[in-house]
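Commentary on secondary and tertiary structure
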Amino acid sequence: MNNNNSISASFKTNPTINLDHIIPLDFKTVLKLPKSHSWSTTTTSTHVEVDEGVPVVDLADPEALTLIRGACEKWGMFQVTNHGVPIKLLKQIEFQSKKLFGLPTNQKLLAVRSPEECTGYGLPRISTFFSKLFWSEGFSIMGSPLHHARQLWPNHHFDFCNVMVEYQKELMGLTERILGLMFTSLDLTQEDVKCFSESKNGSKHPQALLQLNSYPICPDPTRAMGLAPHTDSSLLTLLYQTNISGLQVFRENVGWVLVNPISGAFVVNVGDLMHIICNGRFKTALHRALVNQTHHRISVAYFYGPPKDVNISPSIKLVDRDHPILYRPVTWKEFLDSKATHFNKALDFIRFDV
Ligand SMILES: C=C1C[C@]23C[C@H]1CC[C@H]2[C@@]12CCC[C@@](C)(C(=O)O1)[C@H]2[C@@H]3C(=O)O
Ligand SMILES: O=C(O)CCC(=O)C(=O)O
Ligand SMILES: [Fe+2]
């Protein structure tokens, strides 16, 4: 399903050549961290303690707009509570994810992602940029996961599929609501933000990817990397990180800051495309995930992006003498292609010299 979209098109253009960067380790069978997964301790060195962490925004708070704007300018990240997504659905997605990652490795490999496809079981795509491998495994979904789910459970995939579809529906609604708040906080209207007003007719649908992440218990967390530092290539990402910590966000002149798990909350990441639309006003959050020795950690990331062929560019309302235009227009497909080549430097390649 859904082959005609920016995300799958970008995987077709940029297939993963080396299968070592798709097929995860059989984590359960290793007692010692292998050399292939052993990072230098300077790259995995732990977080700093800070007085004030990532802001938490109660969506029912009358001050929500101001808090969101402040958080996006300072951190490129905040957490939301009172968001209306039923706790039951969060518990269900956690349960289904654990069920999937708890399968024996040879069975999970029945649903492995093909080199030129974006969905299925395997290592996250950014793995190709690193010589050391991640201590994690993922499962990527767009819309219905039926094709891969029936390979895992020929007769018992219904609950899994229903939860995944229901979750994406809920998260699309919440993401659009939060995007609206973020734009309003900058005095931008629907008309000011083209990618929004064009999105509801015909083929002009927003596109999204659901990523289930699993970080198995690790024999030596001080040398392991769950997911290396990156910014998300989305407009916005909503992350449910369950109750086990591991997510960290980077602050200039401060260092890596732990994002405290809050029961039932979502972490909202400003993605690269949002940073472009805001002409740099909102930061794109540089973040990573570390692992631990006692708990298997699950997280669920929902990456939301614009419809196919929509050009993303800085809103002219945010361009003036003091704020020269920073980026040239790009479609999501062009940007994902650029990320597949230039990774964390992709924004520099569309930036005007100022
Ligand atoms: C819609 C997206 C978002 C992508 C690219 C494209 C499809 C695959 C996504 C992820 C999912 C896992 C983390 C990440 C960092 C990765 O390696 O693959 C994400 C990446 C990005 O945010 O760049
Ligand atoms: O597991 C986490 O907390 C982070 C996941 C993440 O950054 C991603 O999937 O892009
Ligand atoms: Fe991320």
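Scroll up a little and you will see the structure.
What this report covers is the structure whose coordinates are included nearby. Worth saying up front: this structure is predicted, and the values here are computed from it rather than measured. (Residues numbered from 1 in each chain as written. Chains lettered and ligands numbered in written order. Predicted model: local features only at pLDDT ≥ 70, side-chain atom pairs only at ≥ 80, totals over all residues. Heavy atoms only, no water.)

On to the nonpolar core. Counting 84 residues, the largest nonpolar core has Phe-139, Tyr-167, Leu-212 and Phe-266 as the members making the most contacts within it. It is helix α7 (residues 158-185) that contributes the most residues to this core, eleven residues altogether. With near-sequence residues (within four places) excluded, Tyr-167 lies in contact with Leu-89, Leu-90, Ile-93, Leu-210, Tyr-240, Phe-266 and Val-300. With 19 residues, the next largest nonpolar core counts Trp-39, Tyr-215, Met-225 and Ala-228 among its residues. (Core = buried A, V, L, I, M, F, W, Y, C linked by side-chain atoms within 4.5 Å. Buried < 20%, exposed > 50% of the residue type's maximum accessible area, 1.4 Å probe, protein only. Helix = DSSP H or I, 4+ residues; strand = E, 2+ residues; numbered from the N terminus. Contact = heavy atoms within 4.5 Å.)

Turning next to the site of ligand 2. Around ligand 2 sit 13 residues, and of these Asn-213, Tyr-215, His-287, Arg-297 and Ser-299 come closest. Take Asp-232: an N or O atom from its side chain is 3.4 Å from an oxygen atom of ligand 2. One nitrogen or oxygen atom from the side chain of His-287 is found 3.0 Å from an oxygen atom belonging to ligand 2. Starting from 300 Å² of accessible surface for ligand 2 in isolation, the protein chains cover 96%. In a pocket analysis with a 2 Å cut-off to the grid points, ligand 2 is assigned to the largest cavity. Mapped by element, the contributors of at least two residues to the shell around ligand 2 are β5 (207-215), β6 (227-230), β11 (287-289) and β12 (297-305). (Near = heavy atom within 4 Å. Polar contact = N/O pair within 3.5 Å; in protein donor to acceptor, adjacent residues only side chain to side chain. Areas by Shrake-Rupley, 256 points an atom, 1.4 Å probe, with all protein chains shown as cover. 1 Å grid on protein atoms, 1.4 Å probe; cavity = no way out; pocket = protein on both sides within 12 Å on 5 of 7 lines; lining within 4 Å. Sits in = over half its atoms within 2 Å of the grid points.)

Turning our attention to the environment of Leu-152. Mapping Leu-152 onto the fold places it in helix α6 (residues 146-152). Separated by 52 residues in sequence, Leu-152 and Leu-100 have C-alpha atoms that sit 8.2 Å apart. In this structure Leu-152 touches Leu-100, Leu-103, Gln-107, Lys-108, Ala-111 and Phe-139, once residues within four positions along its chain are discounted.

Looking now at the sheet that holds strand β9 (residues 255-258). Strand pairing in a sheet relies on backbone hydrogen bonds, with the paired strands running either antiparallel or parallel. Across the sheet, four strands lie side by side as β6-β11-β8-β9; this open sheet has antiparallel pairing. Edge strands, defined here as strands with exactly one partner in the open sheet, are β6 and β9. This sheet shows a mean twist of 25° between the axes of neighbouring strands, independent of strand direction. (Pairing = 2+ DSSP bridges. Axes fitted to C-alpha atoms, helices over the stretch in contact; angles between N-to-C directions.)

As a further point, take the site of ligand 1. Around ligand 1, the surrounding shell consists of Ile-7, Phe-11, Pro-124, Arg-125, Ile-126, Gln-211, His-230, Asp-232, Ser-233, Phe-303, Trp-332 and Leu-336. Within the backbone of Arg-125, one N or O atom sits 3.1 Å away from an oxygen atom of ligand 1. Measuring from an oxygen atom of ligand 1, one finds a side-chain N or O atom of Ser-233 at 2.4 Å. For ligand 1, whose free accessible area comes to 450 Å², the fraction covered by protein is 96%. Most atoms of ligand 1, that is more than half of them, are within 2 Å of grid points of the largest cavity. Those elements that place two or more of their residues in the shell around ligand 1 are α1 (6-13) and α10 (332-342).

Here the focus is empty space enclosed by the protein. All chains considered together, the criterion is met by two cavities of 30 Å³ or more. Taken as a whole, the largest cavity encloses approximately 700 Å³ of empty space. If you trace the largest cavity, you find 41 residues lining it, with Pro-124, Arg-125, Ile-126, Leu-209 and Phe-303 closest to the centre. Looking at side-chain class alone, the lining of the largest cavity contains 21 nonpolar, 14 polar and six charged residues. Here the second largest cavity is characterised by a volume of approximately 30 Å³. Lining the second largest cavity are Gln-79, Tyr-240, Gln-241, Thr-242, Ile-262, Ala-265 and Val-267. (Points joined across faces, edges and corners; volume = space filled by probe spheres on them. Nonpolar A, V, L, I, M, F, W, Y, C, P; charged D, E, K, R; others polar.)

Any functional reading would require information that these geometric values do not contain.
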